[in-house]
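Chain residues, written in single-letter form:
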Amino acid sequence: MKLDRLMYLTVHIMTPGILLTVGLLWGHFISTKPIATNVMDNLAVIAIYYVISSIIWMLNMSTIRNIAESGRRR
């Protein structure tokens, strides 16, 4: 798989999924929060993560493309 696609999948799909799963499990089994509170708290964390990661992704898009292109040339 191409490097830029793999990085995109990791940053925007896999990491938020892992954060959501771990957060829901932690809130349910360790913190014993009500389900509605637990889901709302974890979705807020995921939203903040998406905003920050998207800003960083857009600011570094040229660098990501350059790294991906140099990897293809080898």
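This text follows the structure it describes.
Residues numbered from 1 in each chain as written. Predicted model: local features only at pLDDT ≥ 70, side-chain atom pairs only at ≥ 80, totals over all residues. Heavy atoms only, no water.

### Some thoughts on helix α1 (residues 3-30)
Approximately 40 degrees is the largest bend angle found in α1, and it occurs at Thr10. By the burial criterion, the buried members of α1 are His12, Pro16, Gly23 and Gly27. The inward-facing, buried residues of α1 contact α2 (35-59). Within two residues after α1, Thr32 carries a phi angle of roughly 50 degrees, on the positive side. (Bend = angle between axes of the 7 residues up to and from the residue. Helix = DSSP H or I, 4+ residues; strand = E, 2+ residues; numbered from the N terminus. Buried < 20%, exposed > 50% of the residue type's maximum accessible area, 1.4 Å probe, protein only. Contact = heavy atoms within 4.5 Å.)

### Considering the packing of aromatic side chains
The tally for this structure, following the rule as stated, stands at 2 aromatic pairs. Considering the side-chain rings of Tyr8 and Trp57, the 5.7 Å spacing of their centres and the 70 degrees angle between planes classify their relative orientation as edge-to-face. Of the two residues, Tyr8 sits in helix α1 while Trp57 sits in helix α2, which places them 49 residues apart along the sequence. Under the relative-accessibility criterion, Tyr8 is labelled partly exposed at 40%. (Phe/Tyr/Trp six-rings, centres within 6.5 Å; stacked < 30°, edge-to-face > 60°.)

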